[in-house]
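Summary of the model geometry
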Amino acid sequence: MTRRKRCVAMLLAGGQGSRLGVLTSKVAKPAVPYGGKYRIIDFPLSNCLNSGIDTVGVLTQYQPLELNEYIGSGQPWDLDRGDGGVHVLPPYQRSRGGDWYKGTANAIYQNLPFIARYNPEFVLILSGDHIYKMNYGKMLAFHEQQKADCTIAVLEVPMEEAPRFGIMNTREDGSIYEFEEKPKQPKSNKASMGVYVFTWEKLRHYLTQDEQNPKSDNDFGKNIIPDMLSDGQRMMTYAFEGYWKDVGTIDSLWEANMDLLNPNVELDLNDPKWRIYARNLAAPPHYIEEGASVQNSMITEGCTVAGEVDFSVLFSGVTVEKGAVVRDSIVMPGAVVRRGASVQYAVIAEGAEIGPRAAVGERPERMADVSGWGVAVVGGGLKVGRGARVSPKAMLDHDLGEGERI
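Attention here is on the structure that accompanies the text. (Residues numbered from 1 in each chain as written. Predicted model: local features only at pLDDT ≥ 70, side-chain atom pairs only at ≥ 80, totals over all residues. Heavy atoms only, no water.)

1. Here we look at the overall build of the protein chain
Quick note on the threshold: We count a stretch as a helix when DSSP gives it H or I for four or more residues in a row; a strand needs E for two or more, and each element gets its number in order from the N terminus. Put simply, the radius of gyration uses C-alpha atoms, and a globule should come to 2.2 Å times the residue count raised to 0.38. A 1.4 Å probe rolled over the protein chains alone gives each residue an accessible area, and that area as a share of the maximum for its type sets the label: buried under 20%, exposed over 50%, partly exposed in between. Throughout, a residue-residue contact means that at least one pair of heavy atoms, one from each residue, lies within 4.5 Å. Exposure was quantified through the Shrake-Rupley algorithm and a 1.4 Å probe, taking into account, for residues, occlusion by the shown protein chains and nothing else. Positive residues here are Lys and Arg, negative ones are Asp and Glu, while His and the chain termini are left out of the count. Each charge is placed at NZ for Lys, CZ for Arg, CG for Asp and CD for Glu.
Scanning the protein chain from terminus to terminus reveals 8 helices and 31 strands. Rg of the C-alpha trace for the protein chain: 23 Å, near the compact-globule value of 22 Å for 406 residues, within the 12% margin. Overall, the C-alpha framework of the protein chain stretches about 65 × 50 × 45 Å when taken along its three principal axes. Burial status across the protein chain gives 53% buried among its 406 residues. Within the protein chain, residue pairs in contact and separated by at least 24 positions form 57% of the contacts whose partners lie at least 6 positions apart. Approximately 18,300 Å² of the protein chain is accessible, and the part contributed by carbon and sulfur atoms is 46%. In the protein chain, which carries 44 positive and 51 negative side-chain charges, the distance between the mean positions of the two groups comes to 2 Å.

2. Digging into the side chain of Asp54
The condition that has to hold: N or O atoms within 3.5 Å of each other form a polar contact, as long as, within protein, one can give a hydrogen and the other can take it, and as long as residues adjacent in sequence are counted only when both atoms are side-chain atoms.
Along the chain, the position of Asp54 falls in the loop between helix 1 (42-50) and strand 4 (55-59). Only 3.2 Å separates the side chain of Asp54 from the side chain of Lys5, close enough to count as a polar contact. A polar side-chain atom of Asp54 sits 3.1 Å from a polar atom in the side chain of Thr55.

3. Considering the sheet that holds strand 18 (residues 308-310)
Let me state the cut-off plainly: The pairing criterion for strands is at least two bridges between them, as found by DSSP.
Spatially, 6 strands are ordered 15-18-21-24-27-30 in an open sheet, and the strand pairing comes out parallel. Lying at the two open borders of the sheet, with one neighbouring strand each, are strand 15 (293-295) and strand 30 (389-390). Here strand 27 (residues 359-360) pairs with strand 30 via 2 bridges, running parallel. Of the residues in strand 30, the one forming a bridge with Ala359 is Arg389.

4. Describing the sheet that holds strand 16 (residues 298-299)
The parallel open sheet is built from 6 strands, whose spatial order is 16-19-22-25-28-31. The open sheet has two edge strands with one neighbour each: strand 16 and strand 31 (395-396). Pairing analysis gives 2 bridges linking strand 19 (residues 313-314) to strand 22 (residues 330-331), with the strands arranged parallel. Looking across to strand 22, one finds that Val313 is bridged to Ile330.

5. Details of helix 6 (residues 200-211)
Here is the rule: How far a helix is expected to stretch is found by multiplying one less than its residue total by 1.5 Å.
In this model helix 6 runs 17 Å from its N-terminal to its C-terminal C-alpha over 12 residues, within 8% of the 16 Å that 1.5 Å per residue would give. Close packing links the buried residues of helix 6 with helix 3 (104-109), helix 4 (112-118), strand 6 (122-127), strand 11 (190-199) and helix 7 (220-230).

6. Quick word on the pairing of strand 4
Where burial is concerned, most of strand 4 is hidden: 5 out of the 5 residues are buried. Pairing between strand 1 (residues 7-12) and strand 4: 4 bridges, direction parallel. By the bridge assignment, Ala9 is partnered in strand 4 with Val56. Where strand 4 meets strand 5 (residues 85-89), 5 bridges bridge the pair, whose relative direction is parallel. When the bridges of strand 5 are listed, Gly57 appears paired with His87.

7. Overview of helix 5 (residues 136-145)
Each α-helix winds once per 3.6 residues, and so residues spaced three or four apart point in a common direction. Quick note on the threshold: The directions from the helix axis to the C-beta atoms are what the arc is built from.
Of all the residues in helix 5, the buried ones are Tyr136, Met139, Leu140 and His143. With its buried residues spanning 100° around the axis, helix 5 presents them on a single face. Turned more than 90 degrees from where helix 5 packs its buried face, Lys138 and Gln145 sit exposed. Taking the backbone nitrogen of Gly137 as reference, a side-chain oxygen 2.9 Å away marks Asn135 as the first, capping residue of helix 5. Looking one or two places after helix 5, you find Lys147, whose phi comes out positive at around 50°.

8. Section: the nonpolar core
Heads up, the condition is: For our purposes a nonpolar core is just a set of buried Ala, Val, Leu, Ile, Met, Phe, Trp, Tyr and Cys residues, chained together by side-chain atoms within 4.5 Å.
Counting 72 residues, the largest nonpolar core has Met134 and Val195 as the members making the most contacts within it. For this core, the leading source of residues is helix 8 (residues 250-259), giving 5 residues. Leaving out residues up to four positions away in the same chain, Val195 has contacts with Leu124, Ile125, Leu126, Tyr132, Met134, Tyr136, Met139, Thr151, Ile152 and Ala153. Counting 32 residues, the second largest nonpolar core, distinct from the first, contains Phe114, Ile176, Trp200 and Met235.

9. Observations regarding the environment of Lys102
Residue position: Lys102 is located in the loop between strand 5 and helix 3. Judged by its relative accessible area of 51%, Lys102 is exposed. It is 8.4 Å that separates the C-alpha atoms of Lys102 and Asp219, two residues lying 117 residues apart in sequence. In this structure, Lys102 is in contact with Glu211, Asp217 and Asn218, ignoring residues within four places of it in sequence.

10. Thoughts on the packing of helix 6 against helix 7
Going by this rule: What counts as an axis is a line fitted to C-alpha atoms, over the stretch in contact for a helix, and the angles between N-to-C directions run from 0 to 180 degrees. Here is the rule for angles: anything less than 35 degrees is roughly parallel, anything more than 145 is roughly antiparallel, 65 through 115 is roughly perpendicular, and the remaining ranges are oblique. What makes a crossing left-handed is the near helix being turned counterclockwise from the far one by less than a right angle; a clockwise turn instead makes it right-handed. Three residue categories are used. Nonpolar comprises Ala, Val, Leu, Ile, Met, Phe, Trp, Tyr, Cys and Pro, charged comprises Asp, Glu, Lys and Arg, and polar comprises the others, including Gly.
Between helix 6 and helix 7, the shortest axis-to-axis distance is 10 Å and the interhelical angle comes to 120°. One element, helix 6, and the other, helix 7, form an angle in the oblique class. Of the two elements, helix 6 crosses helix 7, and the hand of that crossing is right-handed. Contacts between helix 6 and helix 7 involve Lys202, Leu203, Tyr206, Leu207, Gln209 and Asp210 on the former and, on the latter, Phe220, Asn223, Ile224, Asp227 and Met228. The class makeup of the residues in the contact of helix 6 with helix 7 is 6 nonpolar, 2 polar and 3 charged.

11. Structural notes on the packing of aromatic side chains
Heads up, the rule is: Note on ring pairs: Phe, Tyr and Trp rings are taken, using the six-membered ring of Trp, and paired if centres are within 6.5 Å. Classes follow the plane angle, with under 30 degrees stacked, over 60 edge-to-face and the rest tilted.
Applying the stated rule across the entire model yields 13 aromatic pairs. Considering the side-chain rings of Tyr132 and Phe240, the 6.4 Å spacing of their centres and the 90° angle between planes classify their relative orientation as edge-to-face. Of the two residues, Tyr132 is situated in strand 7 (residues 130-132) and Phe240 in the loop between strand 12 (235-239) and strand 13 (244-246); the sequence distance between them amounts to 108 residues. Where Phe198 meets Phe220, the ring centres are 5.6 Å apart and the plane angle is 40°; that geometry is what we call tilted. Separated by 22 residues along the polypeptide, Phe198 in strand 11 and Phe220 in helix 7 bring together distant segments of the chain. For the residue pair Phe198 and Phe220, the accessibility class agrees, reading buried in each case.

All we've got here are geometric facts, nothing functional implied.
Set out below in structure tokens:
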């Protein structure tokens, strides 16, 4: 018999991540590498473990193979349990046919039977594409103390950035009276983090009601939250203070990695009281050859550096040959930067090879017109030929021959 749980977490990890371009052409966004040895999904999974939540459903859809393989039994996050644990939940065939997840609310609706197995008091809804450390246990306690039907984690953002977010307008006690999605003239700077706590019975009611509405977008922000507000349900905000980053774009992913090299940014991955766990294959120690230069960078195990690396993040198994330069860049697992190549302000995906004397990206101060500047991206497994050039802001999705430019 399945034991009743106080809380079940549902992690939305099926997003395509189209704004990450070639980085998500073969993997789901939560499986994108981050910080030298992690994947994005390691953060919500580790938060669950550290918060005492031992039952997690991971909802997958787009390019699920690598993500499913990475999660496996859940052992790295201590979620390989008989009573609860982590469960990968893809869309499945029913007696009357199967459906892709039509929206965030529909994804949870399709998995109501999974939640019902544990008959929890509360359901925690999480996104799989944010970098942050958060104690969900404190948020659950706040939700219970406030006798709320729904509690939404919010982060105060600069007022000029508020139009980029879903904004919660609140009363003095923190209760929500209005939700505005990306308002042009925001009344508040309390931005939704996409972290929700629902009382189970209320969540089940509103998801079922929403599914019966053919005009619904089946989305939490567009439908479920507004419906609950219009019905007068008790909706509360939970203030979060700390580092939080939505890594849904190339620029934000690059910035989040660079933040790890900034001593003024409050994201400590070495905190023994709140570890971020990951599935890492054993690799030999990294090796820095004589004559190499490494400054202010993160170099993961298995790397070999003979060239110059500055203010960059190198994932496991990366090779930087003699005479090669890597600056202000992210180089993902197994990538190779050949002799004399230059990689600057770039993201090099897994297994890519930058040929001798090739150039990927450029420093903005060296450009006559900086309006065309941006982070350059090379897709996974691709080859940039000898002397080829990948311009700033370009996103390479095919092999580039010797001397070619994009």
